[in-house]
Amino acid sequence: MNTKQPVIDRARSEGRSLLTEIEAKELLKQAGINVIDTKLATSREEAISISRQFGFPVVLKIASPDIVHKSDAGGVKLGLKTSKQVAKAYDDILAAIRREYPRAAIQGVSVQKMARPGVEVIIGMSKDPQFGPVLMFGLGGILVEILKDVSFRIVPLTRRDASEMIREIKGYSLLEGYRGQEPVDVSSLEELLIKVSSFVEQNPEVKELDLNPTFAYSDGAVAVDARVILESSS
Ligand code: ADP
Ligand code: MG
């Protein structure tokens, strides 16, 4: 059965349930969610010309529906400042992936703007057998992995849910401006959570979703990585 989302239909027709980062960002962008500008390059030359279009520095990442953790296998190169660095990163990524995952289907390499540093947060969605879609919010990196400092709310989120789930994590003080850092714009994070909640409501064929990480700033927030897993089609 076709959905109204060409990205989802294409993945399904290829028998895939994992969208690539580029596909996931395309879907999320259509839903009004702020994602970092990202384009697919299928040659070294194209990677350079997209980088010039975006302006340096840029980030290159492997684009493959078979690779979930892109940085584990040498599939992510950050902070590339020149065409020469982009060309080398392009070759290095493909060489590393062909070595580590010889059977992976490779769509190309994604080129994206390098986001300025911010507080890394995670927004996720998974489906609970009893409650249905549930959103998760937490701080990125080791805070989520080791301390499991996250909060959950059932979709659809109210504004109040969004506000509470951000404020109830233990690391909330990091968002309020820790040690002289500028405080993060919490209301834009609330809006982001609400938008993700509506996206989830409108796309029941999405089984799991991760914006990991999203960079939070004093003036907004932007997702730099996105992962979408589809329900298996019936
Ligand atoms: P993975 O598939 O390993 O999760 P990511 O796309 O999340 O790969 O990239 C790994 C890390 O690189 C991120 O956690 C983030 O810190 C950094 N990163 C990724 N993309 C960007 C970007 N566009 N700008 C700045 N930093 C980035
Ligand atoms: Mg990631």
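The structure reproduced in this document is the subject of the present report. The shown structure was predicted, so the numbers you read here are calculated from the model rather than taken from an experiment.

## Topic: the sheet that holds strand β3 (residues 76–80)
Within a sheet, neighbouring strands are paired by backbone hydrogen bonds and run either parallel or antiparallel to one another.
Then, number 1: Read from one edge to the other, the open sheet built from four strands follows the order β1-β4-β2-β3, with strand pairing classed as antiparallel. The sheet terminates laterally at β1 (38–41) and β3, the two strands that pair on one side only. Neighbour-to-neighbour, the strand axes of this sheet turn through a mean angle of 25°, independent of strand direction.
Then, number 2: Those strands touched by helix α3 (residues 44–54) are β1, β2 (58–63) and β4 (108–113), and its axis lies near 160° from that of β1.
Then, number 3: Most of the contacts of helix α4 (residues 83–100) go to β2, to which it runs at about 25°, and overall it touches β1, β2, β3 and β4.

## Let's talk about α3
Then, number 1: Taken as a whole, α3 has its buried residues at Ala47, Ile48, Ile50, Ser51 and Phe54. Along the axis of α3, the buried residues cluster in a sector spanning 165°; they form a single face. Along α3, exposed side chains directed more than 90 degrees from the buried face belong to Glu45, Arg52 and Gln53.
Then, number 2: If you follow the buried residues of α3, they end up packed against β1, β2, α4 and β4.
Then, number 3: At the C-terminal side of α3, Gly55 shows a positive phi close to 95°.

## Side note on the side chain of Ser64
Then, number 1: Its location among the elements puts Ser64 in the loop between β2 and β3.
Then, number 2: Note on Ser64: relative accessible area 5%, which makes it buried.
Then, number 3: Looking at Ser64, its side chain comes within polar contact range of the main-chain oxygen of Ala105, at 2.7 Å.
Then, number 4: If we skip the residues at most four places from it in the chain, Ser64 touches Thr20, Ala104, Ala105 and Ile106.

## Let's talk about the site of ligand 1
Then, number 1: Around ligand 1, the surrounding shell holds 19 residues, and the nearest of these are Lys61, Lys70, Ser71, Ala115 and Glu120.
Then, number 2: In the environment of ligand 1, a nitrogen atom lies 3.2 Å from a nitrogen or oxygen atom belonging to the side chain of Gln112.
Then, number 3: The separation between a nitrogen atom of ligand 1 and a polar main-chain atom of Ala115 is 2.8 Å.
Then, number 4: Elements with a minimum of two residues in the shell around ligand 1: β2, β3, β4 and β8 (206–217).
Then, number 5: Sort the elements by how many residues they give to the shell around ligand 1 and β8 lands first, with three residues.
Then, number 6: A breakdown of the residues in the shell around ligand 1 according to their chemical character gives 10 nonpolar, four polar and five charged.

## Digging into the nonpolar core
Then, number 1: Of all hydrophobic cores here, the largest spans 41 residues; its most connected members are Phe137, Leu175, Leu189 and Leu209.
Then, number 2: For this core, the element with the most residues is helix α8 (residues 186–202), which contributes seven residues.

## What about the coordination of the magnesium ion (ligand 2)?
Then, number 1: Protein ligation of the magnesium ion (ligand 2) involves Asn212 (O) and Asp225 (OD), the donor distances falling in the range 2.1 to 2.2 Å. Within this pair, whereas Asn212 is found in strand β8, its partner Asp225 is found in the loop between β9 (220–223) and β10 (227–230), the two being separated by 13 residues in sequence.
Then, number 2: On the basis of relative accessible area, Asn212 is assigned to the partly exposed category, the value being 34%.
Then, number 3: You can call Asp225 buried: its relative accessible area is 16%.

## Side note on the packing of α3 against α4
Then, number 1: With their axes 9 Å apart at the nearest point, α3 and α4 run at an angle of 135° to one another. By the angle class used here, α3 and α4 are oblique. Crossing handedness for the pair α3 and α4: right-handed. Judged by residue contacts, Arg44, Ala47, Ile48, Ser51 and Arg52 of α3 engage Ser83, Val86, Ala87, Tyr90 and Asp91 from α4.
Then, number 2: Across the contact of α3 with α4, the residue classes break down as five nonpolar, two polar and three charged.

## Regarding the pairing of β8
Then, number 1: Burial runs high along β8: nine of the 12 residues are buried.
Then, number 2: As judged from the six bridges shared by strand β5 (residues 119–128) and β8, these two strands associate in the antiparallel manner. Opposite Ile123, over in β8, you have Leu211 as the bridge partner.
Then, number 3: Relative to β10, β8 runs antiparallel, the two sharing four bridges. Looking at the pairing, Glu208 lines up with Ile229 of β10.
Then, number 4: Two strands pair when backbone bridges link them, and β8 and β9 are joined in this way by four bridges, in the antiparallel orientation. Pairing of Tyr217 across the sheet is with Gly220, part of β9.
Then, number 5: The turn joining β8 and β9, which pair antiparallel and follow one another in sequence, is formed by two residues.

Calculation rules
Residues numbered from 1 in each chain as written. Chains lettered and ligands numbered in written order. Predicted model: local features only at pLDDT ≥ 70, side-chain atom pairs only at ≥ 80, totals over all residues. Heavy atoms only, no water. Pairing = 2+ DSSP bridges. Helix = DSSP H or I, 4+ residues; strand = E, 2+ residues; numbered from the N terminus. Axes fitted to C-alpha atoms, helices over the stretch in contact; angles between N-to-C directions. Contact = heavy atoms within 4.5 Å. Buried < 20%, exposed > 50% of the residue type's maximum accessible area, 1.4 Å probe, protein only. Arc of directions from axis to C-beta. Polar contact = N/O pair within 3.5 Å; in protein donor to acceptor, adjacent residues only side chain to side chain. Near = heavy atom within 4 Å. Nonpolar A, V, L, I, M, F, W, Y, C, P; charged D, E, K, R; others polar. Core = buried A, V, L, I, M, F, W, Y, C linked by side-chain atoms within 4.5 Å. Donors = N, O, S within 2.8 Å, 3.2 Å for Na, K, Ca; no water. Parallel < 35°, antiparallel > 145°, perpendicular 65-115°, else oblique. Left-handed = near helix turned anticlockwise from the far one by under 90°.

Any link to function would need more than the numbers given here.
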